[in-house]
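Observations on chain architecture
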Amino acid sequence: MVRAKPAFVCQSCGAVHNRWSGKCDACGAWNSIVQEAASAPLPGVSTSRGLGRGRVVVLEGLSGAPDEAPRLASGMAELDRVTGGGFVVGSILLLGGDPGIGKSTLLLQASAALANAGHRVVYVSGEEAAAQVRLRAQRLGLGDAPVALAAETCVEDILATLREGPTPRLVILDSIQTLWTGQAESAPGTVTQVRASAQALIRYAKTTGACVILVGHVTKDGQIAGPRVVEHMVDAVLSFEGDAGRDFRILRAQKNRFGPTDEIGVFAMTGGGLEEVRNPSALFLGDREPDAPGAAVLAALEGSRPLLVEIQALVVPSSLGTPRRAVVGWDSARLAMVLAVLEARCGVRLGQHDVHLAVAGGLRVQEPAADLAVAAALVSSLMGAPLPVDAVFFGEIGLTGAVRPVAHPGPRLREAARLGFKRAALPPSAAEAAQEAGVAALSVATLDALVARLAA
Ligand code: TYD
Ligand code: MG
């Protein structure tokens, strides 16, 4: 191999610079630039044996293809929901998450389920010895599953191993940061290595039709070559999230070429591995204290799935010049907006108060429909008066103080009715859906109207 001159690669975004500097101009990260041997030709690229390369096919000529991409369903409903019905044959997927969150556990369980269903599954661990993976499988009660295990980090060796015997349906590589290829000169874990290894594995998936799953650790400071550099190369990016101190784990699709990106899968980490949570609303509302002021139940929607979660607010007089605004699980800019609207349109003065807001259960809520529940929780805490136990809240608040319609009120209200809620504070447009669901509608056209009701 020709020795190339060194390059300086940002370990956060993958940008290549020709000299070192403290800050990456491309992504703005500090201290992320590391000297690497310049990128060698990517593996496989130099081979001119074309596999029909560059040949043109006409879209309508593909009509013989099935309507749906062929999929490999794991049988774990929470996982299949997020992928859009199973792993797509010949696709490559990246599963990211903090170390210790349960990525290996999840994939080992999915591997065992598929292997038990008669599919050939290979689990390649670059972090643990095969014996350790087997021990873990035994602890999870999956010791008998016919999953082929390998402990290997060199991509060329992995591909050689995979080519022995029949082509596997599913290949897990745990983790991408441990892989290295002889085609690139830098150390394992650097951007160049991660990218070259991923490239080789993508070619493998596309040419053999195996599903390949890469595991990537996401580190807070981004110092380890971010799996972010492969995000645009893979077909789907799933992230596994949760608090290390809590049992809930949420699986989310950040990118999915073959399915939805707004579905979530909910799991609970137990002594016996990850358990699927079929009824997350009951779980998230599990330890509610009905008489506590400052708690409002939000009827949220994650993808196609309604989910009831408790929004908790604590409003206390501040001893600081600039009062604190602390938010867990919601957008702090959105909280600032709700506070401003409460102040400007409803005369609720919170300028001298510290405000703490949290979504109970460690869930992260993103939709604007949470505005109304947040406002209700804030007002309830400020007044020291609990909200009705049997009420749910949803609605987007505009800067004028108007409560705006939200998408899909029906499923939210049916979920609320199913869990025994009798009333819902909602935008007037959703009143009809409430009637259909058998929930009494408290239509609020403006935030002012809600505040007036709560003060009454
Ligand atoms: P792991 O899957 O190794 O995480 P990752 O691959 O994302 O780094 O999960 C490790 C954590 O999960 C560890 O803190 C222990 C916990 N755990 C359980 O609570 N129960 C179990 O059955 C298993 C296997 C792990
Ligand atoms: Mg692991």
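Residues numbered from 1 in each chain as written. Chains lettered and ligands numbered in written order. Predicted model: local features only at pLDDT ≥ 70, side-chain atom pairs only at ≥ 80, totals over all residues.

What follows is about the sheet that holds strand 9 (residues 170-174). On the basis of which strands lie adjacent, the open sheet formed by nine strands has the order 8-7-9-10-6-11-12-13-14 and mixed pairing. The sheet is open, and its two borders are formed by strand 8 (148-151) and strand 14 (273-276), each paired with just one other strand. With strand direction ignored, the average angle separating the axes of adjacent strands in the sheet is 25°. Strand direction decides the pairing type here: strand 6 (residues 92-97) and strand 10 (residues 211-217), joined by six bridges, are parallel. (Pairing = 2+ DSSP bridges. Helix = DSSP H or I, 4+ residues; strand = E, 2+ residues; numbered from the N terminus. Axes fitted to C-alpha atoms, helices over the stretch in contact; angles between N-to-C directions.)

All right, on to the site of ligand 1 then. Close contacts around ligand 1 come from 15 residues, with Gly102, Lys103, Ser104, Thr105 and Gly273 the closest. Breaking the shell around ligand 1 down by element, the ones donating at least two residues are helix 2 (103-116) and helix 3 (130-139). When residues in the shell around ligand 1 are grouped by element, the largest group, three residues, is from helix 2. Among the residues making up the shell around ligand 1, the classes are represented as four nonpolar, eight polar and three charged. (Near = placed C-beta within 6 Å. Nonpolar A, V, L, I, M, F, W, Y, C, P; charged D, E, K, R; others polar.)

So, about the environment of Arg404. Within the element layout of this structure, Arg404 appears in strand 21 (residues 403-404). As a C-alpha pair, Arg404 and Asp371 span 33 residues in sequence and 10.0 Å in three-dimensional space. If we ignore the near neighbours within four places in the chain, the residues touching Arg404 are Gly395, Glu396, Gly398 and Pro427. (Contact = placed C-beta atoms within 7 Å.)

Attention now moves to the packing of helix 9 (residues 371-383) against helix 12 (residues 447-455). Following both chains from N to C, one finds helix 9 and helix 12 inclined at 35°, their axes separated by 11 Å at the closest point. Seen from above, helix 9 lies across helix 12 with right-handed handedness. Here helix 9 contributes Leu372, Ala375, Ala376, Val379, Ser380 and Met383 to the contact with helix 12, which in turn contributes Leu447, Leu450, Val451, Leu454 and Ala455. Tallied by class, residues from the contact of helix 9 with helix 12 come to 10 nonpolar, one polar and no charged. (Left-handed = near helix turned anticlockwise from the far one by under 90°.)

Let us look at the pairing of strand 14. Pairing analysis gives four bridges linking strand 13 (residues 264-270) to strand 14, with the strands arranged antiparallel. Each bridged residue has a counterpart across the sheet, and for Ala268 the counterpart in strand 14 is Glu275. What sits between strand 13 and strand 14 in their antiparallel hairpin is a turn of two residues.

Take it as geometry only, folks, not as evidence of what the structure does.
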